[in-house]
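Structure at a glance
So you can see what is in the structure, the chains are spelled out below.
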Amino acid sequence: VSKIRIGMIGCGVVGQGVLRLLHENAKSIEARLGGSIEVRRVVARDRGKSRGPHLRDAQLGFDPEALLTDPEIDVVVEVMGGLEPAGAFVQRALTAGKSVVTANKALIADRGHALMELAERRGADLYFEAAVAGGIPVIRVLREALVSDRIVAVRGIVNGTSNYILSQMQEQGLAFEVALKQAQQAGYAEADPTLDVGGGDAAHKLTILATMAFGARGELQSLTTEGIDTVDAADIEFARRYGYVIKPLAVARALPSGALDLRVHPALVTKDDPLAHINGALNAVHIEGAALGPCLLSGLGAGALPTAVSVVSDIVDVGRNLFAQASGRVAGSPFSTGRAPSIQPIADYRGRYYLRFSVRDQRGVLGKLATALGERDVSIEQMVQEGHGKDQPVSVVLLTHPAREGDLRAALAEIDKLSFVVEPARALRIEA
Ligand code: NDP
Ligand code: HSE
């Protein structure tokens, strides 16, 4: 029987999920791999923490150096997160010719290109299925199942924490902070949850998806990134009345010009959109292939076991390659061959918008709002005013016809300066 020996850096939510899956499904994994997996070393940081029932004391250490220099380790599994020192550890492992499995989207989004080139030079594998959408096998689908097709668009919900929070606010009326706490307790959130609620984590994943789908090498700086921390309970309620739900979207579209439309932001989607029913920590990725047409993948995007399924399937793939002496067999990954894309400036994006103004209830206000928008070619499709206002501000909510974002933002900047405006305008895109 052949055996692969792994060293795992990190033993938190995902790491403990990996140990549990390797233990509970050992027999079937061994049968499918055609060999066994030995967890030779696990490295963590805090000596006082409990690591669950599937780790022996002899396996646990606190010195990454001992793991990285262990010649008996074939595969390094990086589930600690962050750019450094995780990046240096992965680089060291690849340089030593060891294959790497990682769940680290920040690292792959930022340095996937250099690390993949290094892996290819060293004849090693670098796998990262868990980095995007947790348990959904979307990287494999793009890399293997759709290799013959030309991808036109990838659109989805790729941050479980944000989707969980918005779902809880929408369905249970929970406050943002309470829902975030629940997501953290369930193990969905990043160590720094501002990455989740500010859109940064979804931007990392979209960067990876854009590389896999379009050969577009990471350009995080020019990617429009807005988090769900800008969404109020009032917006959820108004959206519902208009027949929409608010979802944390990530969108990558190939435009006829050859540029890419890349965006991460909360958006209103109609109730019959397939993404409208993806709730809680579920993720979904809707891929459109020129030949295939639409393809929707959905499943749990965060949490110990769903993520572990992706990590362990990568370990098995890497193991199969090792047994066949074919590590690094697939050269020409979009990460090593991709090019910096041209990205459409967000000012040129054209779509419909939901707008909410908080204004004093004075004569002529609606007319002035409509005029300021109309002068910038933003035309109104529907409008409601709510609240009775002597001293209280009222909300004016409207939906626009398709407009150019640059024009809309210019109109909103002018409106925000008007004397009757109490708070800056809120704008959310409507993704039809
Ligand atoms: P956790 O914070 O639960 O675990 C991180 C682990 O890394 C901990 O065991 C920690 O040690 C260890 N660690 C951190 N720094 C070091 C260091 N310098 N040296 C050694 N060990 C270190 O994170 P998660 O398990 O949630 O996430 C891990 C990775 O997986 C991240 O990249 C994350 O983005 C990704 N991911 C997470 C998902 C999820 O649902 N949680 C889903 C998909 C991907 P200690 O325990 O001692 O503090
Ligand atoms: N924090 C991430 C999320 C984990 O909530 O989606 C999965 O990548």
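In this report, we go over the structure that sits alongside the text. What you see is a predicted model; the values in this text were computed from it and never measured.

Rules used in this analysis
Residues numbered from 1 in each chain as written. Chains lettered and ligands numbered in written order. Predicted model: local features only at pLDDT ≥ 70, side-chain atom pairs only at ≥ 80, totals over all residues. Heavy atoms only, no water. Helix = DSSP H or I, 4+ residues; strand = E, 2+ residues; numbered from the N terminus. Contact = heavy atoms within 4.5 Å. Areas by Shrake-Rupley, 256 points an atom, 1.4 Å probe, with all protein chains shown as cover. Axes fitted to C-alpha atoms, helices over the stretch in contact; angles between N-to-C directions. Parallel < 35°, antiparallel > 145°, perpendicular 65-115°, else oblique. Left-handed = near helix turned anticlockwise from the far one by under 90°. Phe/Tyr/Trp six-rings, centres within 6.5 Å; stacked < 30°, edge-to-face > 60°. Lys NZ or Arg CZ within 6 Å of the ring centre and 35° of its normal. Near = heavy atom within 4 Å. Polar contact = N/O pair within 3.5 Å; in protein donor to acceptor, adjacent residues only side chain to side chain. Buried < 20%, exposed > 50% of the residue type's maximum accessible area, 1.4 Å probe, protein only. Pairing = 2+ DSSP bridges.

The next point concerns the overall build of the chain. Along the chain, the regular secondary structure elements total 15 helices and 17 strands. When the backbone C-alpha atoms are referred to their principal axes, the chain occupies close to 80 × 50 × 35 Å. In the chain, 74% of the contacts between residues at least 6 apart in sequence involve partners at least 24 apart. Accessible surface, the chain: about 18,700 Å² in total, of which carbon and sulfur atoms supply 49%.

Between helix α7 (residues 160–172) and helix α8 (residues 176–185), whose axes approach to 9 Å, the crossing angle comes to 135°. Regarding the angle of α7 to α8, the classification is oblique. Note on packing geometry: the crossing formed by α7 with α8 is right-handed. For the pair α7 and α8, contact is made by T161, Y164, I165, Q168 and M169 and by F176, A179, L180, Q182 and A183, respectively.

Here we take up the packing of aromatic side chains. Summed over all chains, the structure comprises three aromatic pairs. The ring of Y127 has R143 lying over it, and the distance from NZ or CZ to the ring centre is 4.7 Å. When the ring centre of Y349 is taken as origin, the NZ or CZ atom of R429, which lies over that ring, is 6.0 Å away.

Around ligand 1, the surrounding shell holds 24 residues, and the nearest of these are D46, R51, K105, E190 and G303. Between ligand 1 and C11, the relevant distance is 2.8 Å, taken from an oxygen atom to a main-chain nitrogen or oxygen of the residue. Within the contact set of ligand 1, an oxygen atom lies 2.8 Å away from a side-chain nitrogen or oxygen of K49. Relative to its unbound accessible surface of 900 Å², ligand 1 loses 87% to contact with the protein.

In this section: the site of ligand 2. Lining the immediate environment of ligand 2, one finds 13 residues, of which K105, G160, T161, Y188 and E190 sit closest. With respect to ligand 2, the backbone of Y188 contributes an N or O atom lying 2.7 Å from a nitrogen atom. The side chain of E190 places a nitrogen or oxygen atom 2.7 Å from a nitrogen atom of ligand 2. Coverage of ligand 2 by the protein amounts to 93% of the 250 Å² it exposes when considered alone. Those elements that provide at least two residues to the shell around ligand 2 are α7 and α10 (200–214).

Turning our attention to the pairing of strand β11 (residues 282–289). Extensive coverage of β11 is indicated by the burial of six of its eight residues. Bridge analysis of strand β7 (residues 151–157) against β11 gives six bridges, and the strand direction is antiparallel. Across the sheet, R155 pairs through a bridge with H286, a residue of β11. A loop of three residues connects β11 with strand β12 (residues 293–300), the two strands running antiparallel in sequence.

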